[in-house]
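Listed below are the residues making up each chain.
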Amino acid sequence: MTQRPYGPSDGRSIPMSEYHQSRNELDGLPVTVAEKIPVTNTPNIFSYRSYVFARNPALVRRFIKATKADVGGVGGHVVAADEVKSVIAKFVLDNNGYRGEPIFTSLIVTHTGDDCAVTGIMAETVDMTVVDQLMWDALQEGATKAAELGLYGPGQDLVADAFTGNLRGAGPATVALPFPVRKDNPSQTVLVSFADKTEPMAFNHYATGAYMLPRFNTGLIIAASKMKRGYLFEIVDLDTKAQAIEAGAHPRDPKALDGKMEELAKGLQEKVITLRAPEDLYDIEGLTRSSRFVIARVWSRTEKGEKDQLGYVCSAERLHNIKTKKGFTYGGKDDPVLLAFAQGDWPAPGEITSPWATAPMVAGDCRGSHNLHILPMPINSQTSYWSGPILSAITLSCNIHTGRIGAISDQFALGTPWDEVRRTAAQLAIQFRHAHGVKQPATLHEDELEYQEGWKERRARLERQFEVKPPLSLTNGNGHGSHAPAAAGTKAGRPRTRSIDGEGSAPGAPASARGRGSGLAPPAVPRGLDRVSAVPGSPS
């Protein structure tokens, strides 16, 4: 086994006594409430003591990093096991060291549905590849525990064959957002959002709502901050398969397709476009209406309209772009994670989350193969009806000088207006699934199905049973008009019909019956013509 670059310098695990835990925050203080009604399940905060109580912390750039993956679920893809989360947390805390300094000065461990997540603050002195390896190994530990417990899909999102120095392209969703460096105000609010049973495109609802439309964010019009200048959006084309086909690879040539996809994804490069809001509002909305294009980053703007500060980043990556020993075979929905600054030059937390009050539909759901209304849920919630899709969002109050997460609030807590949104979304979801079932638009296009192999087998089997035949046309009571004999007294292929003005009527019909405006009913069909079929568009 190779030497790990992280861990305590003396080789011994870091004792838990070295961490300040937020659950003990009220120890020794008078109790001010007799009983607390639980409305959420906010996580315990682990903060490295030497940094929590530092009087004169170094003014360095820090990052907040969030990493999430499905390493095994209870009862299928329903919820993460507490024991798996604890194993992941223990591994990170035991090995939270790099060159004598803590990797994470403060961190939390959460789950959304069956996805486990680690979110923490780190300094720029820590190599990001070291953090990624720590996260990979911690998630592997979680997957091992999941297998021991008999959970479903142990290590499901750890799709890379081995860690190669970067979590990006390895399976887990991971993002990092740099904090501003400033002396005057150490406070920074960060919104962290996790989604389960859906794709990165779902987060487009955040950006195209709160960062573009005043009906979701009044600050775009009335704020005195940089917000009034609008934002810059970096939009990524996630579909390397479509890019490969557009570059000339034949869609039914797996070898050529894989080769072109590997070429396009070389070096983890992105195909990205930068657009401006509000100037390019129509273009942004037009691109981001599909799963292919995702708003990956949002920047504030200078007085000249140029890039200023990065304040929004999501894990804009598709798992089906990842090369494994089996090729580009994974079709998962990717379960994204988002980090965004709030307040000041950025939308308030309630403004960022407000687009979800419309109960929009997103791709994913049961088997990753449906469209369904997303359900905003408190943190550490499980999925239920058709496995989701669900979304959680919490805000962190962070001290950017000490690198400490001071407190947490749950944006979708119980006992809030989100209860009504959940009821609406649930009612819509039930009606939609009952109305459409396996049919579109409830289901995704076959190229987007997560479990494609079963459908491909069925399609291939049925394809062999198709036949090429002339189109069916109804004439003379016989099936195929082009091969049917003409009825007696008619020209070949021209069925004899009658109209109310008498044209085309049988010979010998009374003239009064053939004239216009006679006031007489049309004659009865003569014997011998009662078997002539109706021609589309003629009177019945």
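K.L.:
Mind laying out the overall build of the chain, listing which residues take part and the relevant values?
P.N.:
Scanning the chain from terminus to terminus reveals twelve helices and 17 strands. Burial status across the chain gives 49% buried among its 540 residues. For the chain, restricting intrachain contacts to residue pairs at least 6 apart in sequence, the fraction spanning at least 24 positions comes to 72%. For the chain, the exposed surface amounts to about 27,500 Å²; the carbon and sulfur share of it is 53%.

K.L.:
Residue-level account of the confidence of the model for the chain, with values.
P.N.:
Of all residues in the chain, 84% attain a pLDDT of 70 or more, and the chain-wide mean is 85. Per-residue pLDDT, averaged within each element of the chain, yields its smallest value for helix α12 (residues 511-514) (44) and its largest for strand β12 (residues 337-342) (98). Overall, residues 497-520 carries pLDDT values under 50, and its contacts beyond four positions in sequence, including any with other chains, amount to 26 contacts. Counted against residues more than four places away or in other chains, residues 528-540, with its pLDDT under 50, gives ten contacts.

K.L.:
Go over unusual backbone geometry, please, and point to the residues and values.
P.N.:
Look at the link from A277 to P278: it is a cis peptide, with omega at 15 degrees. In this chain, Q440 is followed by P441 through a cis amide linkage whose omega measures 15 degrees. Mapped onto the elements, P441 comes out in the loop between α10 (418-436) and α11 (452-463). Not every positive phi belongs to a glycine, and A359 is a case in point at roughly 50 degrees. If you trace the backbone, A359 turns up in the loop between α9 (349-353) and β13 (361-364). One non-glycine residue, N380, lies in positive phi territory at about 60 degrees.

K.L.:
Can you tell me about the pattern of salt bridges, naming the residues and giving the values?
P.N.:
Following the criterion strictly, the structure yields 24 salt bridges and no others. In this structure, the salt-bridge partner of K197 is D114, at a minimum N-O distance of 3.1 Å. Taken together, the residues K197 in the loop between β7 (187-196) and α4 (204-210) and D114 in the loop between β4 (106-112) and β5 (115-123) connect sequence positions 83 residues apart. Of the two residues examined, K197 and D114, each falls in the buried class. Between E303 and R229 there is a salt bridge, with its nearest N and O atoms 3.9 Å apart. Of this pair, E303 sits in the loop between β10 (293-301) and β11 (307-314) while R229 sits in the loop between α5 (219-222) and β8 (231-237), and the two are 74 residues apart along the sequence.

K.L.:
Outline helix α3 (residues 128-149), listing residues and values.
P.N.:
For α3, spanning 22 residues, the distance from its first C-alpha to its last is 32 Å, which sits close to the expected 32 Å at 1.5 Å a residue. Looking one or two places after α3, you find G150, whose phi comes out positive at around 75 degrees.

K.L.:
Provide a residue-level description of the pairing of β5, including the pertinent values.
P.N.:
Across a regular strand the side chains alternate sides, sitting on one face of the sheet and then on the other. Among the nine residues of β5, nine are classified as buried, and the element is accordingly described as predominantly covered. By the alternation rule, side chains of β5 split into D115, A117, T119, I121 and A123 and C116, V118, G120 and M122, which are all buried. Both strand β3 (residues 62-69) and β5 contribute to a ladder of eight bridges, which runs antiparallel. Following the sheet pairing, T67 is matched in β5 by V118. For β4 and β5, the ladder comprises seven bridges, and the chain directions are antiparallel.

Reading the values: rules and limits
- Residues numbered from 1 in each chain as written.
- Predicted model: local features only at pLDDT ≥ 70, side-chain atom pairs only at ≥ 80, totals over all residues.
- Heavy atoms only, no water.
- Helix = DSSP H or I, 4+ residues; strand = E, 2+ residues; numbered from the N terminus.
- Buried < 20%, exposed > 50% of the residue type's maximum accessible area, 1.4 Å probe, protein only.
- Contact = heavy atoms within 4.5 Å.
- Areas by Shrake-Rupley, 256 points an atom, 1.4 Å probe, with all protein chains shown as cover.
- pLDDT = per-residue confidence, 0-100.
- Salt bridge = Lys/Arg side-chain N within 4 Å of Asp/Glu carboxyl O.
- Expected span 1.5 Å × (residues − 1).
- Pairing = 2+ DSSP bridges.

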